[in-house]
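Listed below, chain by chain, are the residues.
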Amino acid sequence: MKKIFLIFIIIFGLYLPCVVNAEEFKLEWQNNFGGNDLERFEFVFQTKDNGFVGIGGTKSTDIEGFPNKGDYDSLAIKFDKDGNIEWKSIYGGSLEDHYNAFLETSDNNYLIAFYSKSTDIEGYENKGGFDSSVFKFDKDGNIIWKLNLGGNGNELLYDMIEDDEGNYIGILSSSSTNIVGIENKGGNDILVVKFDKNGNILKRVSFGGNNDDNPYLIHKTKDDNFIVHGSFSSSDFDGLELK
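To keep things clear, this report deals only with the structure shown in the data block. Every chain is numbered independently, its residues counted from 1 as its sequence is written. Totals for whole chains, interfaces and linings use every residue, but because this is a predicted model, local features are given only for residues with pLDDT of at least 70 and side-chain atom pairs only at 80 or more, for both listing and counting. Hydrogen atoms and water are omitted, and side-chain values are computed over all heavy atoms in the structure.

**Digging into the overall build of the chain**
A tally of regular secondary structure across the chain gives zero helices and 17 strands. Within the span of the chain, comprising 243 residues, buried residues form 50% of the whole. A contact between two residues is defined here by any heavy atoms of the two lying within 4.5 Å. Taking all contacts inside the chain whose residues are at least 6 apart in sequence as the whole, residues at least 24 apart take part in 42%. The accessible surface values rely on the Shrake-Rupley method and a 1.4 Å probe; as for residues, cover is taken only from the protein chains in view. For the chain, the computed accessible surface area is about 12300 Å², with 48% contributed by carbon and sulfur atoms. Helix numbering and strand numbering both begin at the N terminus, where a helix is a DSSP run of H or I of at least 4 residues and a strand a DSSP run of E of at least 2. Note on exposure labels: buried denotes an accessible area under 20% of the residue type's maximum, exposed denotes more than 50%, and partly exposed covers the range between, all computed with a 1.4 Å probe on protein chains only.

Below, the structure is given as structure tokens:
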């Protein structure tokens, strides 16, 4: 039976995820989650157990057990296949924070990308501007480790993938000038980071020119390589001519 997963935005930014039978277009379940301000899912992903994970941010101050620290706090919710909430993660500081990318791993955990401008999160060091990090969660929503990929500028992680060896590759836009081993060419450069299942960085490479260059998606090819695609506006990008 084919199903369609839908999200409806209703009054005050509350989110109403639901599953619809694609053959009969019959509503199977819905679940309303929200507080006294705005909630926003950036993406919703189906998991191997036929549940769903929604990621984004919340500005509400009345969600039980999760006091808002200021502006948007990052929000992740795990639903089971029937729409019941299994766990939720709300994490942030006094400025803007969001979860914005997701990967279910071969060891049955979850990687969720986090970007943040806050400088007052306990146990988390902001290195300047918007930092982008990866959090690894277990299946019950507990954070296993955190990896900060930021520098003195702005970073945003767009997508992640797992390779055949169980390592992870993330693609980011980066304007920082102090990331070890990386030279910023100007504006945003494309930053590719490989890290292992324990959150240790294995390799960093960057691509870019004198203007903004941004990645969007990464795909694995049949010959065990990877393709990154995005947009670029640099006029001196090696091997490319700006028309």
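**Considering the pairing of strand β15 (residues 201-207)**
Strands are treated as partners if at least two bridges between them are detected by DSSP. Bridge analysis of strand β14 (residues 189-195) against β15 gives six bridges, and the strand direction is antiparallel. Of the residues in β15, the one forming a bridge with K194 is K203.

**A few points about the pattern of salt bridges**
Where charged atoms of side chains with opposite charge meet at close range, the side chains can pair. Note on definitions: salt bridges are taken to be side-chain nitrogens of Lys or Arg within 4 Å of carboxyl oxygens of Asp or Glu. Using the criterion set out here, one finds eight salt bridges in the structure. The closest approach of N and O atoms between D164 and K220, which form a salt bridge, is 2.2 Å. Taken as a pair, D164 in the loop between β12 (155-162) and β13 (168-174) and K220 in strand β16 (residues 213-220) lie far apart in primary sequence, 56 residues in all. D164 sits in the exposed class, given a relative accessible area of 59%.

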